[in-house]
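Here are the chains, one letter per residue:
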Amino acid sequence: MKGVLKNVFFLVMSFSRIIRNPSLPKYRLKKTVTSNTSCKILVNGDSLNNNFDEICADKTNSFVVNFFVLSPLFFIIKPQYYIIIDPACWLNINKGETNFPQWKKIMDEVDWDMNLIVPKEGYKVLRKILSNPHVNMQPFVYTYVDGIWPVCRYFYEKNIGTPKLPNVLIAALYSAINLGYNKIQIYGADFSWTKSICVNEVNQPCMVDKHFYENSYEMKMTPIEINAEGKIAKLHEYLEEIVDSLKSCWVIKRYAEEYGVTIINKNKVSFIDAFDKE
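Residues numbered from 1 in each chain as written. Predicted model: local features only at pLDDT ≥ 70, side-chain atom pairs only at ≥ 80, totals over all residues. Heavy atoms only, no water.

## A short note on the packing of helix α7 (residues 149-157) against helix α9 (residues 235-258)
Between two packed helices, both the angle of their axes relative to each other and the distance between the axes serve to describe the pair. The interhelical angle for the contact between α7 and α9, taken along N-to-C directions, is 80°, at an axis separation of 11 Å. Relative to α9, the element α7 is oriented roughly perpendicular. Residues Trp149, Arg153, Tyr156 and Glu157 of α7 touch α9, and the partners they reach there are Val251, Arg254, Tyr255 and Glu258. When its residues are assigned to classes, the contact of α7 with α9 shows four nonpolar, no polar and four charged. (Axes fitted to C-alpha atoms, helices over the stretch in contact; angles between N-to-C directions. Helix = DSSP H or I, 4+ residues; strand = E, 2+ residues; numbered from the N terminus. Parallel < 35°, antiparallel > 145°, perpendicular 65-115°, else oblique. Contact = heavy atoms within 4.5 Å. Nonpolar A, V, L, I, M, F, W, Y, C, P; charged D, E, K, R; others polar.)

## Regarding the pattern of salt bridges
Counting across every chain of the model gives ten salt bridges. In this structure, arginine 254 and glutamate 258 form a salt bridge, with 3.7 Å as the shortest nitrogen-oxygen distance. In this pair, arginine 254 and glutamate 258 are both assigned in helix α9, four residues apart and thus about one turn of the helix distant. Here arginine 254 falls in the partly exposed class, since its relative accessible area comes to 41%. Residue classification places glutamate 258 among the partly exposed positions, given a relative accessible area of 37%. (Salt bridge = Lys/Arg side-chain N within 4 Å of Asp/Glu carboxyl O. Buried < 20%, exposed > 50% of the residue type's maximum accessible area, 1.4 Å probe, protein only.)

## Here we look at the packing of aromatic side chains
All told, the structure shown has twelve aromatic pairs when counted by the stated rule. Their ring planes at 15° and their centres at 4.4 Å tell us that phenylalanine 63 and tyrosine 81 sit as a pair that is stacked. Note that phenylalanine 63 is positioned in strand β2 (residues 62-65) and tyrosine 81 in strand β3 (residues 81-83), a separation of 18 residues in sequence. Each of the two residues, phenylalanine 63 as well as tyrosine 81, counts as buried. Arranged with centres 5.6 Å apart and planes meeting at 85°, the rings of tyrosine 156 and tyrosine 255 form a pair that is edge-to-face. In this pair, tyrosine 156 is assigned in helix α7 and tyrosine 255 in helix α9, connecting sequence segments 99 residues apart. A relative accessible area of 2% means that tyrosine 156 is categorised as buried. Chaining the aromatic ring pairs together yields one cluster made of Phe74, Phe75, Tyr82 and Trp112. (Phe/Tyr/Trp six-rings, centres within 6.5 Å; stacked < 30°, edge-to-face > 60°.)

## Re α7
Those residues of α7 not exposed but buried are Trp149, Cys152, Phe155 and Tyr156. Down the axis, α7 shows its buried residues gathered within 125° of arc, on one side only. Of the residues trailing α7, asparagine 159 is marked for its positive phi of about 60°. (Arc of directions from axis to C-beta.)

## Observations regarding the sheet that holds strand β6 (residues 183-187)
The pairing of strands in a sheet comes from backbone hydrogen bonds and takes either a parallel or an antiparallel form. With parallel pairing, eight strands are arranged side by side in an open sheet as β5-β4-β3-β2-β1-β6-β10-β11. Two strands lie at the open edges of the sheet, namely β5 (135-140) and β11 (276-277), each paired on one side alone. By the bridge criterion, three bridges tie strand β1 (residues 38-42) to β2 in an arrangement that is parallel. Paired with leucine 42 across the strands is valine 64, a residue of β2. (Pairing = 2+ DSSP bridges.)

## Focus on the pairing of β1
With four of its five residues buried, β1 lies for the most part within the structure. Pairing of β1 with β6 involves five bridges; the strand directions are parallel. Bridge assignment links cysteine 39 to a residue of β6, and that residue is isoleucine 184. Once the chain exits β1 it traverses helix α2 (residues 52-57) before rejoining the sheet at β2, and the crossover so formed is right-handed. (Right-handed = clockwise from strand over helix to strand, strands pointing away.)

## Quick look at the environment of isoleucine 242
If you trace the backbone, isoleucine 242 turns up in helix α9. With relative accessibility at 8%, the residue isoleucine 242 sits in the buried group. Along the primary structure isoleucine 242 and threonine 194 are separated by 48 residues, whereas in three dimensions their C-alpha atoms are 8.5 Å apart. In contact with isoleucine 242, not counting residues within four places along its chain, are Trp193, Thr194 and Ile197.

## A short note on the sheet that holds strand β7 (residues 198-199)
If you trace the three strands from one edge of the open sheet to the other, you get β7-β8-β9, paired in antiparallel fashion. The open sheet is flanked by β7 and β9 (222-223), the only strands paired with a single partner. In the sheet, β7 pairs with strand β8 (residues 205-207) via two bridges, with the strands oriented antiparallel. When the bridges of β8 are listed, valine 199 appears paired with proline 205.

## Section: the pairing of strand β4 (residues 114-119)
Of all six residues in β4, six are buried; the element is thus mostly enclosed. Side chains Met114, Leu116 and Val118 project from β4 onto one buried face, and the interleaved Asn115, Ile117 and Pro119 project onto a second face that is buried too. One ladder, built from six bridges, connects β4 with β5; its direction is parallel. Its bridge partner lying in β5, valine 118 is registered against proline 139. Remark: the β4/helix α6 (residues 120-126)/β5 crossover connection has right-handed handedness.

Geometric values such as these leave the question of function open.
Quick look at the structure:
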């Protein structure tokens, strides 16, 4: 009985979020892919370095995320989809962040048709900045929906609400499913942050977050930020984010299976335990 009441409460809260942040038709991803089509999602974990040959052998229907664009591999892969959900990306642009000119230059140099999937908050900022006709922006509304599963599934399918998106991989998987892909291969999804977490002498949680495009010799322990404003996390806050990311993988797995979508994790030592590995 407690579980039912809990789900009803979560659903009521979800309806409240939907009312406050409605998903208008222009902010909904539309199914564009024919049946029996596969795709690759390239996340930025260090293990991606192990799969370059396999990825480059078939570059069609590729998704990349966040600052993958800083890698030379971006112009080799020429991804069809590029997804960013971290508010730091567009908030830092508004603040005149020093790496923005490099990011903008890369976007201007895209010479193939690419879909940039971004929450509507980011869309409102980036549409004023990006002018490359090859970059087609596809905004969506991030409204977290939880509670009674059949209702959640309906909202997910109709792009009215989304699962919790604590990590860009979850957003990429959700997008790929709703676009119509029926087989999804994930590369570089290490999720192994707990291996390097420590607390420094001034009680700041720190970690090494290694990305495939970064020099290993330049890696160092840095304080963990919890939001786009640069607030340093408490240890339990960051661990809760990790738990949310792993739980969301299981939500996505359930959603995918009900629509006949197969998700394969190509990193055999990934900490994600929701998806089959190859």
